[in-house]
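One-letter residues, chain by chain:
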Amino acid sequence: MCNGHTCASRQDQVDQVDQVDQFNRCITSQLIKWFSNFREFYYIQMEKFARQAINEGVTSAEELAVGRDAELFRALNMHYNKANDFEVPDRFLEVAQVTLREFFNAIVAGKDADPSWKKAIYKVICKLDSEVPEIFKSPNCLQELLHD
DNA sequence: CATGACCCTG
DNA sequence: CAGGGTCATG
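Below: a short report on this structure. Since we're looking at a predicted model, the values are computed, not measured. (Residues numbered from 1 in each chain as written. Chains lettered and ligands numbered in written order. Predicted model: local features only at pLDDT ≥ 70, side-chain atom pairs only at ≥ 80, totals over all residues. Heavy atoms only, no water.)

## Thoughts on the protein's contact with DNA strand B
As a structural note, the neighbourhood of DNA strand B is formed by R25, I32, K33, R39, E40, K119 and Y122. Counted by atom, the contact set of DNA strand B within 4 Å of the protein is 50% sugar and phosphate. At the level of elements, α1 (10-55) and α4 (117-126) are the ones that each hand at least two residues to the surface near DNA strand B. The dominant element in the surface near DNA strand B, judged by the number of residues it contributes, is α1, at five residues. Looking at the surface near DNA strand B residue by residue, the classes come out as two nonpolar, no polar and five charged. (Near = heavy atom within 4 Å. Helix = DSSP H or I, 4+ residues; strand = E, 2+ residues; numbered from the N terminus. Nonpolar A, V, L, I, M, F, W, Y, C, P; charged D, E, K, R; others polar.)

Encoded structure:
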């Protein structure tokens, strides 16, 4: 039955599954790392633009708006969507604006004196996170994404 | 012991 | 981004 050419041994099959498993684990951890880096860049920009607004004399967070033409948006888009491969959801703009205002108010209030002042903001913003798209939860996520 | 969040560097 | 360290979880 198993002539060594057309049929893999049970052990070989087990090894293959292990390899696929490890492969997927590497890919996912890599993605997690990427998202982590994205998130960090996002907040760095938020702080940067919030301080910039303050230095420019903005007195109220209400004056801060993040539209698709905003410098802040351009900076972010440059990193996440340089080739404009997809349309940025309006939801993203909304959350970005909330985040910017959150930073603005915190800094104006002098909360940045506290070494961990950003955590309060993170706590607020993470609640605004959108649900993870179903495809990403699928075991065949990689295959499905590759088809597009 | 493994994994992931978070932080800081290069 | 990638690496590496720390800390909390399970």
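## Brief notes about the nonpolar core
Grouped together as the largest cluster of nonpolar side chains are 27 residues, with contacts concentrated most on Y42, M46, V66, L72, L100, F103 and F104. For this core, the secondary-structure elements that each account for two or more residues are α1, α2 (71-80), α3 (90-108) and α4. When sequence neighbours within four positions are dropped, the list of residues in contact with V66 reads L72, F73, L93, A96, Q97 and L100. (Core = buried A, V, L, I, M, F, W, Y, C linked by side-chain atoms within 4.5 Å. Buried < 20%, exposed > 50% of the residue type's maximum accessible area, 1.4 Å probe, protein only. Contact = heavy atoms within 4.5 Å.)

## Some remarks on the packing of α2 against α3
At a closest axis distance of 11 Å, the pairing of α2 and α3 adopts a crossing angle of 120 degrees. Taken together, the axis directions place α2 and α3 in an arrangement best described as oblique. Note that α2 runs across α3; the crossing there is right-handed. In this structure, α2 uses L72, F73, L76 and Y80 to contact α3, whose residues at the interface are F92, L93 and L100. Class assignment of the residues belonging to the contact of α2 with α3 gives a composition of seven nonpolar, no polar and no charged. (Axes fitted to C-alpha atoms, helices over the stretch in contact; angles between N-to-C directions. Parallel < 35°, antiparallel > 145°, perpendicular 65-115°, else oblique. Left-handed = near helix turned anticlockwise from the far one by under 90°.)

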